[in-house]
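Here's the letter readout for the chains.
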Amino acid sequence: MKKVALIFVLAVILPSLALAWLAVRSLRDQQFVLERQQSLLYQGVTDALAKDITDYLSDQQRDFSTHVQQYLSGQIQQYLSEKKLHIGDGGAEFLHSAGAGFDNHIRKQWPLAEVGFCVSSKEGLLSPSPTSRPEARMFCADHGGFLVNRDIAEVYWNNVANHRAQPVFKSASGINTFQKMPLLETNLFASKAQPRKINPMQQQAVLPVPNELQAESLNFSKVVAADAEFRVLIGDAMDGMLARFVQDKLRLMFWHREPHLEPLEQQTIFGAQLDLARVVEGLKERVKAFEPAYREGIAFAVLDDKAKPVAISSAGFQANWKRPFVATEIGQALPHWEAAVYLTDPGSLARSASTMRLTLGLLIALFVVAIGAGSWLIVSDLNRQLTLARQKTDFVSNVSHELKTPLTSIRMFSEMLAEGRVTGPDKQRSFLNIITAETARLTRLINNVLDFSRMERGEKKYSFASGDLAEVVRETAETFRPHLESNGFRLNCAFPESPQIVNGDRDALAQVVVNLLSNAEKYSNGQKEIELQIERHNQPKPSVEVRVMDRGMGVPRGCEEKIFEQFYRAHDSLNSGIQGSGLGLTLARQIARAHGGDVTCEPRDGGGSCFVLRLPVKPA
Ligand code: ADP
């Protein structure tokens, strides 16, 4: 048993406890796991929003290019009609006049334009005229030197990769041309990383817990500016956008070079500085229409380079703008602007984590309890089976012994009688009585064993019939009396006058009474007195009780129910010296229950035991 229990503990309980411990440990990481899941989800939202805004600007850039093309074709028509269908001097005169009027034209035709500009490699800035209006003057002051390639400026532009891939050459004449100008790469990318204005709660890091270096790098913007000349930036591309910070204010510009003009004329660039307020209006529309499916539990916003919200998904939403849940930088088009997601209820994550912890904790507890209860059931069942196996072994040796004892006496006395060694008739009668009693004992034992095995197989049959229980008990007692009295017992019977009619099998009921009387005899040590009573009860239901009482050693406390289990013996043969099979009471109870009654054991005042056979009375 100990070995089985040890194997059980090692194979089932210890691994289960280890699993439970691991599960409990993982509970602590629930909030982190949830945050990680949410951050991955919402990072997708901010990435998509950032891309949506970039797409919006690209659309606007294409729109601008179309306007430039339309403007130029209109200008060509007009020029040709005025100049009698001829463009002289390689178009320089035409471009001069077209370029000069571009600021006025584009502002009227394209609402996003704040200032239109045209810069020629030969003639410098053709438009706007610095004297035309204050915005134009300011534009020339801010960008004039940069656009005519006099100054190097810190610029963000959106085609870094393309640009780096394209070789640039210096023209032999040394003319200030927009095409193929060599500059040292180091000159071009003399840029420095800037710290991010916002600090998202969830950083987009590869590792769940970024190390110090990664954490540090996450606080810097990925969008970096380069110090470069205008001609170097645009290379031989046909259009693009670029951004500058002038006096800490963002200036966003689109530019376009008309591909259908001759190579020399390609060196005239048309561009526009965007009205940022109008761009923001457009962004607001985009944010409003962006992914309604993702709005539950979050609000998203576009933050400018000062971390101020310029477009918010839900009107009136307020938050610590510098601490979004996740954010993505929009990129070179709007440098240091970010698409950010905020949780509308920041406590909800902690709450769902604790609900999940609680649920998982309860499940683990349930699992541990189930394993504990299951183990207990298995061990106790094992214990029971082992006890039963031991009892069966005891039973075999007890029954063999019980068979052997009467057989020995029968053989001894019958041999003595047969050999004529017993002379007096009294002695002969006494020997014959012993042989009869021992035969009866053998019969009882064999009947019990046979009945038990029949009951076990479900083959025991009863022949029920109405009859007087008192009569059955009286007859059985009288049959048993000589045996008892010959062993020094006194049997006192108290039976009612009236018949006690029950529906039963006479032989089976007689067997119950014999078993009870036989036990009273076996377990009586000093005082050899047995009471046999029959009582009638009308409450709670009409029933009749047969009580068999002795003044013997009594049933040990706590065994009052166990003694009815098969093979169970409260007084085993070794300690008490009393032979038995452990089946007598089991059979008695099974027979009584088959009759709708029961056999119980009750304590008896003054010592000894009291066994009660209770049967329902058959209604008259
Ligand atoms: P057994 O063959 O051992 O008597 P039983 O099923 O008749 O088997 O009885 C089961 C156990 O109940 C006995 O071993 C004994 O310990 C206890 N018992 C039965 N009758 C009495 C009694 N009258 N007084 C004390 N103990 C009894």
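Now for a look at the structure at hand. (Residues numbered from 1 in each chain as written. Predicted model: local features only at pLDDT ≥ 70, side-chain atom pairs only at ≥ 80, totals over all residues. Heavy atoms only, no water.)

Side note on the overall build of the protein chain
Here is step 1: Of the regular secondary structure elements, the protein chain holds 16 helices and 18 strands.
Here is step 2: Taken over 620 residues, the protein chain has a buried fraction of 43%.
Here is step 3: By sequence separation, contacts in the protein chain at least 24 residues apart represent 69% of the contacts at least 6 residues apart. (Helix = DSSP H or I, 4+ residues; strand = E, 2+ residues; numbered from the N terminus. Buried < 20%, exposed > 50% of the residue type's maximum accessible area, 1.4 Å probe, protein only. Contact = heavy atoms within 4.5 Å.)

Examining the site of the ligand
Here is step 1: Close to the ligand lie 20 residues, the nearest being Tyr523, Arg569, His571, Ser581 and Leu585.
Here is step 2: In this structure, an oxygen atom belonging to the ligand sits 2.8 Å away from a main-chain N or O atom of Ser581.
Here is step 3: In the environment of the ligand, an oxygen atom lies 3.1 Å from a nitrogen or oxygen atom belonging to the backbone of Gly582.
Here is step 4: Here the ligand loses 99% of its free accessible area of 520 Å² to cover by the protein chains.
Here is step 5: Where the shell around the ligand is concerned, the elements lending two or more residues are α14 (506-522), α16 (584-594) and β18 (609-616). (Near = heavy atom within 4 Å. Polar contact = N/O pair within 3.5 Å; in protein donor to acceptor, adjacent residues only side chain to side chain. Areas by Shrake-Rupley, 256 points an atom, 1.4 Å probe, with all protein chains shown as cover.)

A look at the environment of Glu478
Here is step 1: Structurally, Glu478 can be placed in helix α13 (residues 469-486).
Here is step 2: The sequence separation of Glu478 and Cys493 amounts to 15 residues, and the corresponding C-alpha distance is 9.8 Å.
Here is step 3: Engagement of the side chain of Glu478 in a polar contact is seen with the side chain of Arg481, the distance being 3.0 Å.

What about the packing of helix α12 (residues 425-457) against α16?
Here is step 1: In contact at an axis separation of 10 Å, α12 and α16 are set at 55° when each is read in the N-to-C sense. In terms of axis orientation, α12 runs oblique to α16. Considering the relative orientation of α12 and α16, their crossing is left-handed. In this structure, α12 contributes Asn448, Asp451, Phe452 and Met455 to the contact, and α16 contributes Gly584, Thr586, Leu587, Gln590 and Ile591.
Here is step 2: Across the contact of α12 with α16, the residue classes break down as four nonpolar, four polar and one charged. (Axes fitted to C-alpha atoms, helices over the stretch in contact; angles between N-to-C directions. Parallel < 35°, antiparallel > 145°, perpendicular 65-115°, else oblique. Left-handed = near helix turned anticlockwise from the far one by under 90°. Nonpolar A, V, L, I, M, F, W, Y, C, P; charged D, E, K, R; others polar.)

As for the nonpolar core
In summary, soluble globular proteins display a tendency toward joint burial of nonpolar side chains.
Here is step 1: If you look at the biggest cluster of nonpolar residues, it comprises 55 residues, and the most contacted ones within it are Trp110, Val302, Leu334 and Trp337.
Here is step 2: Sequence-distant contacts of Leu334, defined by excluding residues within four places in its chain, comprise Ile53, Leu57, Leu250, Leu252 and Leu283.
Here is step 3: The next biggest cluster of nonpolar side chains, apart from the first, holds 47 residues, and it includes Phe395, Leu491, Leu587 and Ile591. (Core = buried A, V, L, I, M, F, W, Y, C linked by side-chain atoms within 4.5 Å.)

Some words on α13
Here is step 1: Look at α13: 26 Å from first C-alpha to last across 18 residues, which is about the 26 Å you get at 1.5 Å a residue.
Here is step 2: For α13, the full list of buried residues reads Leu469, Ala470, Val472, Val473, Thr476, Ala477, Phe480, Arg481, His483 and Leu484.
Here is step 3: Where α13 begins, the side chain of Asp468 points an oxygen toward the backbone nitrogen of Ala470, at a separation of 3.0 Å.
Here is step 4: Immediately beyond the C-terminal end of α13, within one or two residues, lies Gly488, with a positive phi of roughly 90°. (Expected span 1.5 Å × (residues − 1).)

Some thoughts on helix α1 (residues 2-27)
Here is step 1: Helix length check: α1 (26 residues) gives 35 Å between terminal C-alpha atoms against 38 Å at 1.5 Å per residue, within 8%.
Here is step 2: If you look at α1, its biggest bend is around 40°, right at Val9.
Here is step 3: Considered for burial, the residues of α1 that qualify are Phe8, Ser16, Ala20 and Leu27. (Bend = angle between axes of the 7 residues up to and from the residue.)

Focus: the pattern of salt bridges
Here is step 1: One pass over the structure, following the stated rule, counts 32 salt bridges.
Here is step 2: Between Lys460 and Asp451 there is a salt bridge, and its shortest N-O distance comes to 3.5 Å.
Here is step 3: Salt bridges sharing partners connect three or more residues here, namely Glu535, Glu545, Arg547, Glu602 and Arg614. (Salt bridge = Lys/Arg side-chain N within 4 Å of Asp/Glu carboxyl O.)

Notes on a nonpolar patch on the surface
Here is step 1: A cluster of nonpolar residues, Leu6, Val9, Leu10, Leu14, Leu17, Leu19, Trp21, Leu22, Phe367 and Val368, forms a patch on the protein surface that exposes about 930 Å² of accessible area.
Here is step 2: Contributing elements (two or more residues each) for the nonpolar patch: α1 and α11 (347-418).
Here is step 3: The element best represented in the nonpolar patch is α1, accounting for eight residues.
Here is step 4: Note that Leu22 resides in helix α1. (Patch = residues over 30% accessible without salt bridge, like charges linked within 9 Å, V, L, I, M, F, W, Y side chains within 5 Å.)

Considering the sheet that holds strand β4 (residues 226-228)
Here is step 1: A sheet is described by the order of its strands in space; here seven strands give the open sequence β2-β1-β7-β6-β5-β3-β4, paired in antiparallel fashion. One side of each edge strand has no neighbouring strand; the edge strands of this open sheet are β2 (124-127) and β4. Adjacent strand axes in the sheet meet at a mean angle of 40°, parallel and antiparallel pairs treated alike.
Here is step 2: Pairing geometry for strand β1 (residues 113-120) and strand β7 (residues 268-274), over seven bridges, is antiparallel. Residue Gly116 lies in a different strand from β7, and its bridge partner there is Ala272.
Here is step 3: In the packing of helix α2 (residues 30-82) onto the sheet, the strands contacted are β5 (239-246), β6 (249-256) and β7, and the crossing angle to β6 comes to about 50°.
Here is step 4: Its contacts with the sheet place helix α5 (residues 134-147) against β1, β2, β3 (153-157), β4, β5, β6 and β7, and it is angled at close to 105° to β5. (Pairing = 2+ DSSP bridges.)

Overview of the pairing of β3
Here is step 1: With four of its five residues buried, β3 lies for the most part within the structure.
Here is step 2: One ladder, built from three bridges, connects β3 with β4; its direction is antiparallel. By the bridge assignment, Val155 is partnered in β4 with Ala226.
Here is step 3: Where β3 and β5 come together, three bridges link them in antiparallel fashion. By the bridge assignment for β5, Tyr156 is matched with Ala243.

Observations concerning the packing of aromatic side chains
Here is step 1: In this structure the tally under the stated criterion is 20 aromatic pairs.
Here is step 2: Taken together through their ring pairs, the aromatic side chains of Phe64, Tyr71, Phe102, Trp110, Phe254 and Phe270 make up a single cluster.
Here is step 3: Over the ring of Phe564 we find Arg589, and its NZ or CZ is 3.9 Å from the ring centre. (Phe/Tyr/Trp six-rings, centres within 6.5 Å; stacked < 30°, edge-to-face > 60°. Lys NZ or Arg CZ within 6 Å of the ring centre and 35° of its normal.)

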